[in-house]
Amino acid sequence: DASSAVTYVSNGGSNTNEAALLNMSVTKNLPNLPQGNRARTITMRLKFNDFVEKQHLFNYGSNANGQKFLLAQNATTTFYEFFGGAFDTSYANAANTTNWYNYAVTFDMNEVKIYRDGVLLNPTQTLRTLNTIGTFFRMRISDIAFENYLNINADDLRIYNYALTQSEIVALNASLTPATPAPAITNVTATNVTFNTATVNFSLNAFGSATSYEVEY
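Residues numbered from 1 in each chain as written. Predicted model: local features only at pLDDT ≥ 70, side-chain atom pairs only at ≥ 80, totals over all residues. Heavy atoms only, no water.

Draft legend 1. Representation of the overall build of the protein chain. Counting its secondary structure elements, the protein chain contains one helix and 15 strands. When the 217 residues of the protein chain are sorted by exposure, 40% land in the buried category. Intrachain contacts of the protein chain at a sequence separation of at least 6 include 58% that bridge at least 24 residues. Accessible surface, the protein chain as shown: approximately 11400 Å² in total, 52% of it carbon and sulfur. (Helix = DSSP H or I, 4+ residues; strand = E, 2+ residues; numbered from the N terminus. Buried < 20%, exposed > 50% of the residue type's maximum accessible area, 1.4 Å probe, protein only. Contact = heavy atoms within 4.5 Å. Areas by Shrake-Rupley, 256 points an atom, 1.4 Å probe, with all protein chains shown as cover.)

Here's what the structure looks like:
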């Protein structure tokens, strides 16, 4: 449950109110969250709004070795933490405040894999035995002093009780990425028209994509 009303924003495509602006603490008791060393997948589609601090995307569990399942990101690094020493890992992985990203974290009872936009970020995994304990799913709140920050637009959050395969992750990435609408030209006017010159004014909306234009007269 969010601590304040949710504001809805664009999802990066043509839908203006499909995503939620999440800059508050979100906590929800989900009794069926995978526990212990059970397999799982958690996916999110999101856009970062700033990198004032490390963004705590999600976590659940307790603050003991192997008992938490946490994903975080700052401007240069992706962090996944299970709490304590060798349990915690980070990877150099830059992010920006322009692009939308599809994150996926899978655990098959042996290895944790992190994907972004269908691409595996950690090709070399360390075998792990987890003991995740806790059913309160949190966004922003990390239970660590000075590490409670989140400011993202989020369109899709999914939790599975099994590990998706890489091909399933790739297919999910494609399905979650909205098609970018074709550039739109509107408000076309022509003034100062003569037999060989004219002044043409128009508005061009590329919906965030790179584009070019050519005017023929």
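Draft legend 2. Structural context of the confidence of the model for the protein chain. For the protein chain, mean pLDDT is 85; residues scoring 70 or higher make up 88% of the total. Mean pLDDT across the elements of the protein chain bottoms out in strand β15 (residues 199-205) (84) and peaks in strand β4 (residues 40-48) (96). (pLDDT = per-residue confidence, 0-100.)

Draft legend 3. Highlighting the environment of R40. One can find R40 in strand β4. Judged by relative accessible area, which is 0%, R40 ranks as buried. In sequence terms R40 and Y160 are 120 residues apart; their C-alpha atoms lie 5.5 Å from each other. There is a polar contact of 2.9 Å between the side chain of R40 and the backbone oxygen of R38. (Polar contact = N/O pair within 3.5 Å; in protein donor to acceptor, adjacent residues only side chain to side chain.)

Draft legend 4. View of the pairing of strand β10 (residues 112-116). Taken across its five residues, β10 has four buried, putting it largely inside the fold. For strand β9 (residues 101-107) and β10, the ladder comprises five bridges, and the chain directions are antiparallel. Among the inter-strand pairings, Y103 is bridged to a residue of β10, identified as R116. Where β9 hands over to β10, the hairpin turn is made up of four residues, of which M109 adopts a positive phi near 80°. (Pairing = 2+ DSSP bridges.)

Draft legend 5. Summary view of the nonpolar core. L22, L57, F58, F69 and I152 are the most contacted members of the largest nonpolar core, which totals 29 residues. With sequence-adjacent residues up to four places away left out, F69 is seen in contact with R40, I42, F58, N59, Y60, E81, F82, V105, F107, L130 and T132. With seven residues, the next largest nonpolar core counts A104, Y115, I169 and L176 among its residues. (Core = buried A, V, L, I, M, F, W, Y, C linked by side-chain atoms within 4.5 Å.)

Draft legend 6. Summary view of the sheet that holds strand β13 (residues 152-160). Strands sit in the order β1-β2-β13-β4-β9-β10-β11 across an open sheet of seven strands; the sheet is antiparallel. Taken across any chain shown, the strands that pair with only one partner, and hence form the sheet edges, are β1 (7-9) and β11 (119-120). As paired elements, β10 and β11 share two bridges and run antiparallel to each other. Paired with Y115 across the bridge in β11 is L120.

Draft legend 7. Layout of unusual backbone geometry. The phi torsion at M109 lies on the positive side, around 80°, for a residue other than glycine. Mapped onto the fold, M109 is located in the loop between β9 and β10. Take M109: its relative accessible area is 45%, and that puts it in the partly exposed class.

Draft legend 8. The arrangement of the environment of F87 in detail. Looking at the element boundaries, F87 is found in the loop between β7 (77-81) and β8 (89-92). Linking F87 and L130, residues 43 residues apart in sequence, is a C-alpha distance of 8.8 Å. Setting aside anything within four residues of it in sequence, one finds F87 in contact with N65, G66, Y80, F82, R128 and T129.

Draft legend 9. Molecular detail of helix α1 (residues 166-176). Among the residues making up α1, those that are buried are I169, L172, N173 and L176. Viewed end-on, α1 has its buried residues packed into an arc of 105°, placing them on one side of the element. Exposed and oriented more than 90 degrees from the buried face of α1 are S167, A174 and S175. For α1, the elements touching its buried residues are β4, β9, β10 and β13. (Arc of directions from axis to C-beta.)

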